[in-house]
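# Inside the fold
Given next are the chains, with one letter for each unit.
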Amino acid sequence: MTVFIMVAGVFTGVHVWQETAARLVAAGNEAHAVPLTGVDAGRLAASARVGLETHIADVTAAIDAVDPASDREIVLVGHDYGIHPVLGAADRRPQRVARVVYLDCGMPQNGVPALAAVPDHALRTRLAERARCGEHEGELAPPSRDEWQRWGSTAGGSGAALERLTSLAVPQPLGTLLQPLRLTGPVAAVPTTGVLCTRNGVSIDLVQRLVDFGDPALTALTGSQVTFFELPTGHWPMLSCPAELANVLSRAAAGEGRTLRPVGAGAPPAHLRPFPLDVPELPRDRGEHVDLYAPDAEGPRPAVVFVHGGPVPAGARPAPRDWPTLVGYARLAATEGMVGVTLDHRLHDIADYERAAEDVAAAVELARADPRVDADRVALWFFSGGGPLAADWLERPPAWLRCLAASYPILAPLPDWGLTGSRFHPARAVAHAGALPVVLLRAGRETPEIAATVEAFVTAAEDCGARLEVVDVPNGHHGFETLDAPEEVRPALRHAMRSVATHLTSRPPGRAPRQVSPAEALKARAPR
């Protein structure tokens, strides 16, 4: 028999587990939701006395309440913030825990507080400042009905479920978010399962891609004792699909689930597969964080700057500007008589868009300053998670920016990014693009969450009369250059590149001749 000990996330308590627990018990298991001090139990307790260690003690007590002689295996389930006290308790009772289940949450590290996992970047910054000032007391008020999206996708849940989530929500003691997690090491040997909620923006394939980038911090995820499941729902599966969640938890307890491929095993990862078009191997001119691929032609030439996606781990090797896809695009641009420019930027985490935007602006300035480049004829081409960086250039396009292109881009912040109010929102910024041409390469089999941002962008572009050209790859997936049939991808790539070339060589209608440097543009776009 399995004993499931379940710990809820911020603002929620034992009530969220009722349906899931009932199904686990009906299947012959035991299931206990842990009442957390200051949330479920002892709501009147002074918040100054409630920290992460308090909740670790709550979970440890629940483990100790299971008779060791009963031969029942304990599976700890941590949702959202709940994974922090779960890991703390498992580290203290590793011999008692058969498995830890990470339910749509991050991977907490020793010495790092739960605050680091708060998705809302602005809130995270404010709370971190309070912590630096020594303020660890008080409580964080729960979200209103319309604010839950700032904490995770509510997709898949009914209106009644959202009402229930809101009406039963309670304040979160600040100490639980600000006190660092302390792990001594034994928990690392406990088998784990990750349950990913795909409508919240994370999938097993995405995690595999991050592993393939070579981030040492993710190497442990490829072990034989680590398994994964997906649920096609939002951040609160215990409310949106409790039966499916109970089934997945039972299977996780049995050791089932998908495992990840270690780095270097099997076929090359998607980002290192060959570019689908045969393009000349032009020499690369490397400088700082920018590479140029120039055609064999006289005089300054128009340039296309290719902005990679992400987040990409800081230690990823090879770096993005050396990926076959980016190099292939740059060489394809050169075959059309343009200078292809690739770059590396510091989008290593969702919170890094500000500094990535600075890197892109600096790279553009370096490219425009090169004597082989016509500084008055430049295009920017964005990929995947680099898509939000396009917002700055749509919001206030300089006169020398003759075209903006994007391949399978994310064009609005995803629900769990915590960037809803940020400036990195192309679907809003396109209303200010004016006469700037936009070429969009759209994947027909895009993930629903990313496809929704693309649809919002297309709708906004149509509503404001933007000069948008959509080049569809009907059977294409995210990253179609290396994932899908070349016979469908090749014509789309050639067509999109030639459209960009046409915009770079024609005179744009209704554009002022004044030249604005990237540095000036970035300063003008900075939030006030």
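Residues numbered from 1 in each chain as written. Predicted model: local features only at pLDDT ≥ 70, side-chain atom pairs only at ≥ 80, totals over all residues. Heavy atoms only, no water.

## Remarks on the overall build of the protein chain
Regarding its fold elements, the protein chain presents 17 helices and 16 strands. Taking the principal axes of its C-alpha atoms as reference, the protein chain extends roughly 80 × 50 × 40 Å. For the protein chain, the proportion of its 528 residues judged to be buried stands at 54%. Nonlocal contacts in the protein chain, meaning residues at least 24 apart in sequence, comprise 80% of its contacts between residues at least 6 apart. Summed over its atoms, the accessible surface of the protein chain is roughly 21400 Å², and 52% of this surface lies on carbon and sulfur atoms. (Helix = DSSP H or I, 4+ residues; strand = E, 2+ residues; numbered from the N terminus. Buried < 20%, exposed > 50% of the residue type's maximum accessible area, 1.4 Å probe, protein only. Contact = heavy atoms within 4.5 Å. Areas by Shrake-Rupley, 256 points an atom, 1.4 Å probe, with all protein chains shown as cover.)

## A word on unusual backbone geometry
A cis amide bond links G310 to the next residue, P311, at an omega of 5 degrees. Residue position: P311 is located in the loop between β11 (301-307) and α10 (324-335). Cis geometry is adopted by the peptide bond preceding P318, which originates at R317 and carries an omega value of 0 degrees. In this structure, P318 sits in the loop between β11 and α10. One non-glycine residue with positive phi stands out, namely F11, at about 70 degrees. Residue placement: F11 occurs in the loop between β1 (2-7) and α1 (18-26). Accessibility expressed as a relative area gives 0% for F11, which makes it buried. Even without being a glycine, D71 presents a positive backbone phi close to 60 degrees. With respect to the helices, strands and loops of the structure, D71 is situated in the loop between α2 (52-64) and β3 (73-79).

## Observations regarding the sheet that holds strand β4 (residues 97-103)
What the six strands build is an open sheet, ordered β2-β1-β3-β4-β7-β8; its pairing is parallel. At either margin of the open sheet sits one strand with a lone partner, and together these are β2 (30-33) and β8 (226-231). Strand-to-strand, the axes of this sheet are offset by a mean angle of 20 degrees, without reference to chain direction. Here β4 pairs with strand β7 (residues 192-197) via four bridges, running parallel. Bridge pairing links Y102 to G194 in β7. Sitting on the sheet, helix α3 (residues 83-92) touches β1, β3 and β4, and the angle it makes with β4 is about 165 degrees. The sheet contacts of helix α7 (residues 204-212) involve β7 and β8, and relative to β8 the element is tilted by about 140 degrees. (Pairing = 2+ DSSP bridges. Axes fitted to C-alpha atoms, helices over the stretch in contact; angles between N-to-C directions.)

## Focus on the confidence of the model for the protein chain
Interpreting fine coordinate detail is not advised for predicted regions of low pLDDT. In this model, the protein chain carries an average pLDDT of 91, and 94% of its residues clear a pLDDT of 70 or more. Every residue in residues 511-528 is under pLDDT 50, and counting partners more than four places away or in other chains gives 39 contacts. (pLDDT = per-residue confidence, 0-100.)

## Topic: the sheet that holds strand β9 (residues 285-287)
Strands sit in the order β9-β10-β12-β11-β13-β14-β15-β16 across an open sheet of eight strands; the sheet is mixed. Either end of the sheet is taken by a strand with one partner, and the two such strands are β9 and β16 (467-473). Strand-to-strand twist in this sheet, taken as the mean axis angle between neighbours without regard to direction, amounts to 20 degrees. The pairing of strand β14 (residues 401-407) with strand β15 (residues 437-443) spans four bridges and is parallel. When the bridges of β15 are listed, S407 appears paired with L441. With respect to the sheet, helix α16 (residues 486-505) is in contact with β11, β13 (373-383), β14, β15 and β16, its orientation differing from that of β16 by roughly 165 degrees.

## Some remarks on the nonpolar core
Within the largest apolar cluster, 69 residues are counted, with the highest numbers of intra-cluster contacts made by F4, W17, L76, V77 and V100. Here the element with the most residues in this core is helix α9 (residues 242-253); it accounts for six residues. When near neighbours in sequence (up to four residues on either side) are disregarded, L76 contacts I5, V59, I63, V86, A90, V97, R99, V100 and V101. If you look at the next biggest cluster of nonpolar residues, it comprises 52 residues, including V339, A391, F424 and F457. (Core = buried A, V, L, I, M, F, W, Y, C linked by side-chain atoms within 4.5 Å.)

## Some remarks on the packing of aromatic side chains
On inspection of all chains with the given rule, the structure shows 15 aromatic pairs. Centre to centre, the rings of F213 and W323 are 5.3 Å apart; their planes meet at 5 degrees, and the pair counts as stacked. Taken together, the residues F213 in the loop between α7 and β8 and W323 in the loop between β11 and α10 connect sequence positions 110 residues apart. Grouping residues by exposure puts F213 and W323 together as buried. Taking 5.6 Å as the distance between ring centres and 35 degrees as the angle between the ring planes, the aromatic pair formed by Y353 and F424 counts as tilted. With Y353 in helix α11 (residues 353-369) and F424 in the loop between β14 and α13 (426-429), this residue pair connects regions lying 71 residues apart in the sequence. (Phe/Tyr/Trp six-rings, centres within 6.5 Å; stacked < 30°, edge-to-face > 60°.)

## A closer look at the pairing of β13
Within a regular strand, side chains alternate between the sheet's two faces. Within β13, eight of the 11 residues are buried, which leaves the element mostly enclosed by the surrounding structure. By the bridge criterion, six bridges tie β11 to β13 in an arrangement that is parallel. Looking across to β13, one finds that R301 is bridged to V373. Looking at chain direction, β13 and β14 are connected through six bridges and run parallel.

## Considering the pattern of salt bridges
Tallying each qualifying case throughout the model produces 25 salt bridges. Close ionic contact of D64 with R93 constitutes a salt bridge, the shortest N to O distance being 2.9 Å. Taken as a pair, D64 in helix α2 and R93 in the loop between α3 and β4 lie far apart in primary sequence, 29 residues in all. Note that D352 and R355 form a salt bridge whose closest N and O atoms lie 3.4 Å from each other. Each of the salt bridges in this network shares a partner with another, and the network as a whole consists of R284, R286, D291, R321, D322 and D344. (Salt bridge = Lys/Arg side-chain N within 4 Å of Asp/Glu carboxyl O.)

## A word on the packing of α1 against α9
α9 packs onto α1 with a crossing angle of 50 degrees between their chain directions and a minimal axis gap of 8 Å. What the angle tells us is that α1 and α9 run oblique. Crossing of α1 over α9 shows right-handed handedness. Of the residues in α9, those in contact with E19, T20, R23 and L24 of α1 are P242, A243, L245, A246, L249 and S250. Split by residue class, the contact of α1 with α9 holds six nonpolar, two polar and two charged. (Parallel < 35°, antiparallel > 145°, perpendicular 65-115°, else oblique. Left-handed = near helix turned anticlockwise from the far one by under 90°. Nonpolar A, V, L, I, M, F, W, Y, C, P; charged D, E, K, R; others polar.)

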